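These are the residues of each chain, in order.
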Amino acid sequence: MTRHFDSESKMSTRNERRQQWAMLKKKSRNPEVLRLVKGEIKRGHATEIYRMDGNEEREAMYFNVSDMRDWAERHCEIFAMPVDFERAERLLTSGAIDKSHMLNHTIQKNIKPIIVCRGLDGGGDQIVDGAHTFVAMCLAAAKFDASPPVPAYVLEQDQWERFIIPADVAKICCVDL
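Procedures and definitions
- Residues numbered from 1 in each chain as written.
- Predicted model: local features only at pLDDT ≥ 70, side-chain atom pairs only at ≥ 80, totals over all residues.
- Heavy atoms only, no water.
- Pairing = 2+ DSSP bridges.
- Helix = DSSP H or I, 4+ residues; strand = E, 2+ residues; numbered from the N terminus.
- Axes fitted to C-alpha atoms, helices over the stretch in contact; angles between N-to-C directions.
- Contact = heavy atoms within 4.5 Å.
- Expected span 1.5 Å × (residues − 1).
- Buried < 20%, exposed > 50% of the residue type's maximum accessible area, 1.4 Å probe, protein only.
- Arc of directions from axis to C-beta.

## A closer look at the sheet that holds strand 4 (residues 114-120)
If you walk across this open sheet you meet the 4 strands as 3-6-4-5, and the pairing is mixed. Pairing within the sheet leaves two strands with one partner each, and these edge strands are strand 3 (78-81) and strand 5 (124-129). Each adjacent strand pair in this sheet contributes to an overall mean axis angle of 45°, direction not counted. Bridge analysis of strand 4 against strand 6 (residues 150-155) gives 4 bridges, and the strand direction is parallel. Residue pairing across strands places V116 opposite V154, the latter belonging to strand 6. Across the sheet, helix 3 (residues 65-75) touches strand 4, strand 5 and strand 6, and the angle it forms with strand 6 is around 100°.

Below is the structure:
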């Protein structure tokens, strides 16, 4: 197979790589960012970050879900979380769930336990990974008039706190602020 290159596209690609390398060097000056990059290299994929919007009492919080899942799989028991149709409805109406993603991706793969963080915002809990899975299981439960439990890792505050990413690091990593 013959490949044709024009000098402009080579330059553009080379310049893009140089710019990306310069940006990576800038980002790596922050030890927290460097830790995230090292984790990505080790895992072989990007760090998944969950943003929990702020309220009157606190600013937005960012969680390193990739490291959280790795840790939970090694240290946590899987709990049977009951389906919650009201929560599923809130997730759907808030726009947190992309129905197309749920239908074309979530239900097509092996279901992993969701991750729930307890003790957020005055004692409540939050699904930080697996909201699409949770809603899919709730919809299936409604359709088949059944109540199968949703497998979940449930992390208490002293467990999930170590996975908080500082807002300045999230900004460097281009997470929507």
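## Digging into helix 2 (residues 31-43)
Counted at 1.5 Å a residue, the expected span for helix 2 with its 13 residues is 18 Å, and the 18 Å between its end C-alpha atoms agrees. For helix 2, every residue scored as buried is listed here: V33, L36, G39 and R43. The arc that holds every buried residue of helix 2, seen down its axis, measures 120°, which confines them to one face. Exposed positions of helix 2 whose direction lies more than 90 degrees from the buried face are P31, K38, I41 and K42. Residue G44 follows helix 2 closely and has a positive phi angle near 85°.

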